[in-house]
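# Descriptive analysis of the structure
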Amino acid sequence: MDVNAAVAAAAAIAGLCTGVIAMLAFRWSERDQARPTRTSLHTDAVLPPGVDTVLSVLRSSAVVLDESDSVVKASSAAYALGLVRGGKLAVEPMLHMARDTRRDGEIRQVELDLPRRGTGRGEALAVSARVAPLGSRLVLLLVEDLTEARRIEAVRRDFVANVSHELKTPVGALSLLSEAVMDASDDPEAVTRFAGRMQIEATRLTNLVQELIDLSRVQNDDPLEDAEPVRVDELVAEAIDRSRHPASTKQITMAAGGTADLRIWGHRGQLAAALGNLVENAVNYSPARTRVGVSARRVTAPGGDLIEIAVTDQGIGISEKDRERVFERFYRVDPARSRATGGTGLGLAIVKHVAASHGGEVTVWSSEGQGSTFTLRLPEAGAGRDRSTTGPDRVDEDDDRPYDTDPNAEIPAPEVLP
């Protein structure tokens, strides 16, 4: 009996120890789960209620720093701008601002130019940083990207400066010529000569103002609000008729050809102005007794059929360095020749905006001394897409005939206009 009692007592003691150990382990597990982790310390437990939600909807890049300058919370935009790296604020001026604000509680703001990550071109990233205290221990940093705003402002300043310069030239010429007319009042021949010059400058001024109005209109208006199917044949005929007189003066042969009965969807007035500018440039920059051709065709594209309208000349051509800039406002390949032809440097900028607003593009091929080809590509109207794709007018997708790159290429079925 004594042996059995001893075994029973030992078993009871062992069971009691096991229960105590299990209870202690359970209590320890509960305490460990209730203890805040590093992540929760840096988000839920440290940030005031609702701040996390507010920061997630801000358009600015947001960074929250604790008393040790560690990042408690950072938006994805802050990482994209390279403000946060390895859990630390990587921009030293912003870090100094945060420390000063933590010390005295004052709100600070500064604009900085930061190197753009990964470009390798030394481009600066313009930002506006604002630092404010958040509670008693945290500091909130809000960073706004000003790069695009500065670029737009620079473009606006350049535009205003260019417009002022371009307007000043003909206005100044008119002022001087009017004085010359007054001084030569007793010389009819001189008055006639000066009056002719005044008419030229007045025409140049009128053209400049009109093209400024046209450029403003195509930039601000939505062409698809008044869009309609537009016949390409009519656009080509209107563009040729617009340049008929200067072409006949220089004995330039103008030819129209290509696929007939094509339609594009868009604003008729803007499309006519764009194509008219291309034909007018081709005539102005072509020598006498040469040829300007306008041709249209349908080409297959992944997003739907496109209509290509190519304007080809045998003029002076455009150098490679100028080709990338010909569509900039007020840019002229040959300023002296532009003065002689009355060019304003806005015609191709208008063409580019019209093409882009209609979902298309304009490209240029050119070789110095051989000529140029400007190709306008625009989406075909819905009615045009219903046409049969098996007819003779169909241009296959892999048809790479260089009609729009070779200025001497024959244009099919041309209609020669005097």
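To start, this report covers the structure provided alongside it. Every value quoted in this text rests on a predicted model; they were computed, and no experiment measured them.

## Here we look at the nonpolar core
Counting residues in hydrophobic clusters, the biggest one holds 44 residues, and the most contacted among them are Val 232, Ile 264, Ile 309, Val 311 and Leu 376. Looking at this core element by element, the count peaks at eight residues for helix α10 (residues 268-284). Leave out the neighbours within four places in its chain, and Leu 376 touches Leu 278, Ile 307, Glu 308, Ile 309, Val 351, Ala 355, Glu 361 and Val 362. Judged by nonpolar contacts, the second largest core, of 23 residues, contains Ala 78, Leu 83, Leu 125 and Val 127.

## Thoughts on helix α5 (residues 92-104)
Each turn of an α-helix holds 3.6 residues, which means side chains three or four residues apart point in the same direction. Between its first and last C-alpha atoms α5 spans 19 Å; for 13 residues at 1.5 Å apiece the expected length is 18 Å, and the two agree. Here α5 has its buried residues at Met 94, Leu 95, Met 97, Ala 98 and Thr 101. The buried residues of α5 occupy one face: seen down the axis, they fall within an arc of 160°. Its buried side turned inward, α5 meets β1 (61-65), β4 (88-89), β5 (108-115), β6 (124-134) and β7 (138-145).

## A few points about unusual backbone geometry
With phi around 65°, Asp 69 is a residue other than glycine that occupies positive phi space. Among the secondary structure elements, Asp 69 is positioned in the loop between β1 and β2 (71-74). Non-glycine residue Gln 251 carries a positive phi angle of around 55°. Judged by its relative accessible area of 49%, Gln 251 is partly exposed.

## So, the environment of Lys 73
Structurally, Lys 73 is set in strand β2. Look at Lys 73 and you get partly exposed, because its relative accessible area is 27%. Sequence separation of Lys 73 and Leu 55 is 18 residues, and the distance between their C-alpha atoms is 8.9 Å.

## Side note on the packing of aromatic side chains
Counted under the stated rule, the structure contains one aromatic pair. The interplanar angle of 85° and the centroid separation of 6.1 Å between the aromatic rings of Phe 327 and Phe 374 together place this pair among those described as edge-to-face. Separated by 47 residues along the polypeptide, Phe 327 in the loop between α11 (320-323) and α12 (335-341) and Phe 374 in strand β14 (residues 371-379) bring together distant segments of the chain. Relative accessible area serves as the criterion here: at 14%, Phe 327 is assigned to the buried category.

## Some details on the sheet that holds β6
Spatially, the five strands line up as an open sheet ordered β2-β1-β7-β6-β5, and their pairing is antiparallel. The sheet is open, and its two borders are formed by β2 and β5, each paired with just one other strand. Strand-to-strand, the axes of this sheet are offset by a mean angle of 25°, without reference to chain direction. For β1 and β2, the ladder comprises three bridges, and the chain directions are antiparallel. In the sheet register, Leu 65 faces β2, and the bridge partner there is Val 71. Relative to β5, α5 is tilted by about 165°, and along the sheet it contacts β1, β5, β6 and β7.

## A few points about the pairing of strand β12 (residues 306-312)
For β12, the buried fraction is high: six of the seven residues fall into the buried class. Bridge count for strand β11 (residues 291-299) against β12 is seven bridges, and the pairing is antiparallel. Along β12, the bridge assignment pairs Val 294 with Val 311. Here β11 hands over to β12 after six residues, with Gly 304 in that stretch at a positive phi of 130°. Pairing between β12 and β14: seven bridges, direction antiparallel. Residue pairing in the sheet places Leu 306 in a bridge with Pro 379 of β14.

The rules behind each value
- Residues numbered from 1 in each chain as written.
- Predicted model: local features only at pLDDT ≥ 70, side-chain atom pairs only at ≥ 80, totals over all residues.
- Heavy atoms only, no water.
- Core = buried A, V, L, I, M, F, W, Y, C linked by side-chain atoms within 4.5 Å.
- Buried < 20%, exposed > 50% of the residue type's maximum accessible area, 1.4 Å probe, protein only.
- Helix = DSSP H or I, 4+ residues; strand = E, 2+ residues; numbered from the N terminus.
- Contact = heavy atoms within 4.5 Å.
- Expected span 1.5 Å × (residues − 1).
- Arc of directions from axis to C-beta.
- Phe/Tyr/Trp six-rings, centres within 6.5 Å; stacked < 30°, edge-to-face > 60°.
- Pairing = 2+ DSSP bridges.
- Axes fitted to C-alpha atoms, helices over the stretch in contact; angles between N-to-C directions.

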